Amino acid sequence: MAGLTLAPEAGAQTLASLPTVPSAIVAGAAARPIAAWVDFCQGYATECAVDTAEPMQITLTPAIWNTIVSVNRRVNKSLRAVTDLDHLNVADRWDLAEDGAGDCEDFQLLKRKLLAETGLPRRAMRMTVVIDEKGEGHAVLTLITDRGDIILDNKTSAVLPWRQTGYTFIKRESQQAVAWVSLGRAASPVTTANR
């Protein structure tokens, strides 16, 4: 994405603002992946690959925190939010928003790609399906850190601990294989195609 810089822009949100007691989402049994993710992985295999030699969590330092917050804000500001139906005439398609527009998962996939390019372990950054405040399927990016699981979302530029999002967590990519794991008992949405 041309023109995207990683200058510190953490603003008032600091690493010290995270809870002192880390909270992690408990991964459960295998879960069926979103169909559009399967298609995405066929076209972007390296974006879906799981390198089990990579760390399973990110050790947060002030510099890494600032990078995470900056990438989240910059991607949220640089992309135009549009549903796949309005944008591409399909119900759900996952991609890297190469044309500057996309829906929730496209924002998160681009964030993960950019954060991986800064050296963060992709294995600790998992695409996650939730039910949002409207009761709709939504995709966020979970960063598994030594300070607990934090969420990057296109609906807010605040990077939040998972419990503070208000979302119901359904499933996410596995850290062990190119697969998905359940995060709860709620039924999974068929698509994550909202802005």
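Before reading further, recall that the structure is shown in the block above.
This structure is a prediction, so every number in the text was calculated from the model and none was measured. Every residue gets a number counted from 1 within its own chain, in the order that chain's sequence is written. Side-chain atom pairs in this predicted model are given and counted only at pLDDT of 80 or more, local residue features only at pLDDT of at least 70, and totals for whole chains, interfaces and linings cover all residues. Excluding hydrogens and water, the side-chain figures rest on all heavy atoms present in the structure.

> Give a detailed account of the pairing of strand β8 (residues 168–173), specifying residues and quantitative values.
Within a regular strand, the side chains alternate between the two sheet faces. Summarising burial for β8: five of the six residues are buried, a large majority. By this definition, two strands are paired if DSSP reports at least two bridges between them. Starting at the N terminus, helices and strands are each numbered in turn, a helix being any DSSP run of H or I of at least four residues and a strand any DSSP run of E of at least two. As defined by bridge partners, strand β4 (residues 125–131) adjoins β8 across four bridges and the pair is classed as antiparallel. In the strand pairing of β8, Thr128 is matched with Arg172. Here β8 runs beside strand β9 (residues 180–182); their pairing, made up of three bridges, is antiparallel. To sort residues, take the accessible area from a 1.4 Å probe on protein chains only and compare it with the maximum for the residue type: under 20% means buried, over 50% means exposed, and anything in between is partly exposed.

> Explain the packing of helix α3 (residues 62–78) against helix α5 (residues 104–117) to me, using residue names and the numbers behind them.
Where α3 contacts α5, the axes come no closer than 10 Å and their chain directions differ by 140 degrees. Taken together, the axes of α3 and α5 lie oblique to each other. Both α3 and α5 take part in a crossing whose hand is right-handed. Taken together, the residues of α5 that come into contact with α3 (itself represented by Thr67, Ile68, Val71, Asn72, Val75 and Asn76) are Phe107, Leu110, Lys111, Leu114 and Leu115. Each axis is a line fitted through C-alpha atoms, taken for helices only over the stretch in contact, and angles between the N-to-C directions span 0 to 180 degrees. An angle counts as roughly parallel when it lies under 35 degrees, as roughly antiparallel when it exceeds 145, as roughly perpendicular when it falls between 65 and 115, and as oblique in every other case. Should the near helix be turned anticlockwise from the far one by less than a right angle, the crossing is termed left-handed; should it be turned clockwise, right-handed. Contacts are assigned to residue pairs with any non-hydrogen atoms lying within 4.5 Å of each other.

> Which residues make up α3, and what values go with them?
Multiplying 1.5 Å by the helix residue count minus one yields the expected span of that helix. With 17 residues, α3 extends 24 Å from end C-alpha to end C-alpha; this agrees with the ideal 24 Å at 1.5 Å per step. Restricting attention to buried positions, one finds in α3 the residues Trp65, Ile68, Val69, Ser70, Val71, Asn72, Arg73, Val75 and Asn76. Tucked inside the fold, the buried residues of α3 contact α5, β5 (137–145) and β6 (148–152).

> Which residues make up the nonpolar core, and what are the values?
Counting 40 residues, the largest nonpolar core has Leu60, Trp65, Ile68, Trp94, Leu115, Met125 and Leu143 as its most contacted members. For this core, the leading source of residues is α5, giving seven residues. What is meant by a nonpolar core is a set of buried Ala, Val, Leu, Ile, Met, Phe, Trp, Tyr and Cys residues, joined one to another through side-chain atoms within 4.5 Å. Counting residues in hydrophobic clusters, the runner-up holds eight residues, among them Val140, Ile151, Trp162 and Leu183.

Purely spatial values, then, with no claim about function.
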